[in-house]
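# Examining the three-dimensional arrangement
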Amino acid sequence: IMKAGAGSPGPEGLAPVQVFILCEDQMDIIIHPNPTQSFFLINNMKNFIMEKYASVKGEQVNPGYDGSLDEPPHYEETSFSGTARNGYSTGEKSEFREVRHSVVSVFGHDTLDRVPNINFYRNPGSVSGHRAIRPSLQELHNVFQVTDMESVTPEEQQAGFVKFGWIKGVLVRCMLNIWGVMLFIRLSWVFGQAGIGLGIVVICLSLVVTSVTGLSMSAICTNGVVRGGGAYYLISRSLGPEFGGSIGLIFAFANAVAVAMYVVGFAETLVDLLKQSDAIMVDEINDIRIIGCITLVLLLGISLAGMEWEAKAQIFLLIILLVAIVNFFIGTVIPATKDKKSKGFFNYQASIFAENFVPDFRDGETFFSVFAIFFPAATGILAGANISGDLKDPQAAIPKGTLLAIFITGVTYLAVAISSTVVRDATGNVNDTITYHVICNGSAACQLGYNFSSCATETCKYGLMNNFQVMTMVSGFGPLITAGTFSATLSSALASLVSAPKVFQALCKDNIYKALHFFAKGHGKNNEPFRGYVLTFLIAVAFILIGDLNVIAPIISNFFLASYALINFSCFHASYAKSPGWRPAYKYYNMWLSLLGAVLCCAVMFVINWWAALLTYAIEMFLYIYVTVKKPDVNWGSSTQAVTFINAVNNALTLSSVDDHIKNFRPQCIVLTGAPRTRPALLDIAHSFTKGYGLCLTCQIFVVRVCSWIILNKGLQGGEVVRASGLGRLKPNTLVIGFKRNWRTADVTELQNYVGVLHDAFDFEYGVVMLRLSQGLDISHIIQLCHQVEKLQDFPFPPSPCLIYFFLPSSLLFPLSLPFHAQLPHCFLWFSGSVNSPQSSPATKVNQREVEASTQFQKKQGKGTIDVWWLFDDGGLTLLIPYILTTRKKWGECKLRIFIAGQAERIEQDKAEMQALLAQFRIKYINITVIPDVGSKPNKESWKMFEDMIEPFRLHEGAKEFASADTQKKEHSWKITDAELEMLEEKTCLQIRLNELLQENSRAANLIIVSMPIARKGTISDHLYMAWLDILTKNLPPTMLIRGNHKSVLTFYS
């Protein structure tokens, strides 16, 4: 082992840092005399250690290896499931990388610059291609390096993906979902109640709602790549996770319950057939449960077999459904038999059309109640969008397939409406014909030779108003209508059974509800949500076992309508925000039409069922608040963000045209923290009285050296930064600064700049708040050391077991133990300062006190007082800030004590006047103390302490000859002259005396607030002013010096 010399002591008297690395093989001991550079040495000796280790093992190591290129540039990208923000999938390391060499570009020379390419714009985890990282600005701007790295996320393309086109994936699904049992069972009843005229209005109104929603959805779909999740994906990426997360959960649940609804509808129809054949197994309700559960198991099997099998089943069911519809229209032109005529069917007749055109509402039905019953037949337009992840081109397929499905199904409903071939009432008795002695009552049936007048006094079983199986009777072959009913229910159930897990999986992948992330996992080549299928199956079984979904049905319809409303609102909101990123390829939409669609959807929700609408809104609001409180770590560039920006700009402009008023004053602070982490106490106290009340900005000035003779911010003072900060009325009115603890050792120019900031603040009529802690505010030296030690976690240690021993100055041990918890394979880290309990050294205790003091305002303050020494009327800022602090939870147990200066002969009068003033201001306090002897002389010990403080900075011109004194004044103009001390003796005595009074009365206070003395420009030197501030706040609890801008910030007027 080779050993170096001990070296000389480092800066600030710290001992050298020694690093011992002991491994299986003989290694070197490195000792560096400078502790501030020792960890930089550790970072740079990586190549040395690896080369040593490789030479022993007989391996070659690239001497030009640059560890700084190990990590790819960080980009703030959307984090999709399993993908980190830097573009790597979870668990991936930097082995997925390639060297980015310079290339001969189209410009004719070698360059790292790349021409525009779609791969640079892909999101992490893109399934349509690899995501590439373009050269960063730093890579192009910094000094050229021989090799450069590029982060690439290789995405293995899984073969066998089943992707659907717009016909099979969207058109077929939407038509099957829209054509439900309503077409075959209830449509005739709707036209019987509302008549052909209002029936067409009902259909058209429903089509308006769905068509506008389809247009809005088309616009959103064509504004970027659409992934899996359907309505949830569209809403969440447009309006943000709050709206998307709330509607996504209830939409997935609604689809799961819809499976049960459609299966029960199928089971009820089948049980009716069994009842006609006298083949009931147990009883009607249990037969529905048995058939429903068996059917659901079969549908689940089809779904689990894969999307391809499910799509084939949908095609088969569509064929049956189309045949049933065609069968109905064929039946309308087949001449009616006597049996059908007795049941009210007479083929196409003008008299029947005229009679059925007008409404005939019965049994308390109204237009809106009939509309509420029909509208669910128009829903189902999201069936294609719900499987957006399984479409080849969702951007083109969803608009085309959805809008065409709405058109085809709408035409079908209208065609059925005008196919008026059945009268409203019929007896079904073939003998109810017109005889020669019967007078015709003028009805269409009477004109056609049948007398159904008995239906006016007794209930008839046939006709549009009485028979739900009218389409079966009219059709050419009745069983085909039954098959069509089965097809409609099963296809809708199958579509919902597939949609619910897909939507739920997309929601869980985004990890908005962390407890549901278990269901995000997919299986197989198509990433099938098997866990979601099981959950959907269990929910559907639970509702099938209920057997009666008449109460649940309107709630589900309202859930779907809430989704439609938010899709329309998303389109309107994105258009209203006018974000440059809103560029939909589909142009046939209008933002106001989308808003109308959203309003219509909300209105229809209340028309269908008002209490179900209220319940839907309540659930959605609860989930919205939950997601808002949880604040999921996602950023999708929603229109909500864009509108927030627009509102902020508009509000800022509005504020600019409004004059300030005392009642609306609030502290808007700029905090000169430097790097915010280095002075946490200063930022914490500013945050305490600005959070929820005003503005809080932090400021750090960087010195940038362009070359040896140009410094960009030479002479730049903090006051200039203060003046330049803010926007319109959103600008600071209060400067918050820390007390310069090292003012006696600081450079003259540095001190002049510090005091100059205070002068600038007063010139700009800012309030000033200065905080002093006895332990100091700056902990940058501790943070820097901890940061350097953390770098050891990236140290390339050999794979063999080793022991790493660090001998550090014991004063640095405490901060090291706070943030550093290295987990190094095969290695043990041992930090030590001395053999005999280094943690007990005085330097360690000092560092510990500094860290504890820096975080004291982050903790809840115990019972105590905030002592306010309101000595000068500055407009009330000295009183307002401590009052705000007492309204905070952390300071809630602290009470205000007010101290004022007064005269001995009128103490009670001064106290009464202050009590009256505070009562007018509505500020609570526990005590008012009048100090009558503020102007007394300080004691000799205090004065001696002050003289010793300023002695190094005094000129002492009185003890020198005139010429020598004059020369000294010119050379050291910043020093304190005897004349200055004599002129300002009374003010100096005041500061010293105040410190004595503060120590006498406020040593036990949690916080002391004191009126800040002002330094008149050109009258007092910088060092004397700093001595005032120092002696005033010396040896005290946390102290804030406050001086307002002498404009009222408190008022007792309403």
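This section reports on the structure supplied with the text. Just so you know, these numbers come straight off a predicted model, no measurement behind them.

Turning next to the packing of helix H31 (residues 940–950) against helix H35 (residues 1022–1032). Remark: H31 packs on H35, axes separated minimally by 10 Å, with the N-to-C direction vectors making an angle of 140 degrees. In terms of orientation, H31 and H35 fall into the oblique class. Crossing angle aside, the handedness with which H31 passes H35 is right-handed. Counting all contacts with H31, which are made through Met 945, Phe 946, Met 949 and Ile 950, the residues of H35 involved are Leu 1024, Ala 1027, Trp 1028, Asp 1030 and Ile 1031. Considered class by class, the residues forming the contact of H31 with H35 number eight nonpolar, no polar and one charged.

With that out of the way, let us pick up the environment of Val 671. Along the chain, Val 671 falls in strand E8 (residues 669–671). Take Val 671: its relative accessible area is 0%, and that puts it in the buried class. Distance from Val 671 to Val 722, taken between C-alpha atoms, is 9.2 Å for residues 51 residues apart in sequence. Beyond its immediate stretch of four places on either side in the chain, Val 671 contacts Leu 682, Ala 686, Cys 696, Leu 697, Thr 698, Cys 699 and Val 736.

Turning to the nonpolar core, a few remarks are in order. Counting residues in each nonpolar core, the largest one holds 134 residues, and the members touching the most others are Phe 184, Phe 374 and Tyr 413. Judged by nonpolar contacts, the second largest core, of 49 residues, contains Ile 931, Leu 998, Val 1010 and Leu 1029.

This part covers the packing of helix H4 (residues 166–178) against helix H14 (residues 394–418). Packing of H4 against H14 leaves a shortest axis separation of 8 Å and a crossing angle of 35 degrees. The handedness of the crossing between H4 and H14 comes out as right-handed. Residues Trp 166, Val 170, Leu 171, Cys 174, Met 175 and Ile 178 of H4 form the contact with H14, whose participating residues are Ala 397, Ile 398, Lys 400, Gly 401, Thr 402, Leu 404, Ala 405, Ile 408, Thr 409 and Tyr 413. Of the residues in the contact of H4 with H14, the class split is twelve nonpolar, three polar and one charged.

This next bit is on the environment of Thr 433. By the secondary structure assignment, Thr 433 is in the loop between H14 and helix H15 (444–447). The contact partners of Thr 433, leaving out residues within four places of it in the chain, are Gly 449, Tyr 450 and Asn 451.

Let's shift gears to the packing of aromatic side chains. For the structure shown, the criterion picks out 29 aromatic pairs. Ring geometry for Phe 518 against Phe 519: centres 5.3 Å apart, planes inclined by 85 degrees, an arrangement best described as edge-to-face. Exposure remark for Phe 519: the relative accessible area of 17% places this residue in the buried category. By way of ring pairs, the aromatic residues Phe 569, Phe 572, Tyr 576 and Trp 592 are connected into one cluster.

The rules behind these values
- Residues numbered from 1 in each chain as written.
- Predicted model: local features only at pLDDT ≥ 70, side-chain atom pairs only at ≥ 80, totals over all residues.
- Heavy atoms only, no water.
- Axes fitted to C-alpha atoms, helices over the stretch in contact; angles between N-to-C directions.
- Helix = DSSP H or I, 4+ residues; strand = E, 2+ residues; numbered from the N terminus.
- Parallel < 35°, antiparallel > 145°, perpendicular 65-115°, else oblique.
- Left-handed = near helix turned anticlockwise from the far one by under 90°.
- Contact = heavy atoms within 4.5 Å.
- Nonpolar A, V, L, I, M, F, W, Y, C, P; charged D, E, K, R; others polar.
- Buried < 20%, exposed > 50% of the residue type's maximum accessible area, 1.4 Å probe, protein only.
- Core = buried A, V, L, I, M, F, W, Y, C linked by side-chain atoms within 4.5 Å.
- Phe/Tyr/Trp six-rings, centres within 6.5 Å; stacked < 30°, edge-to-face > 60°.

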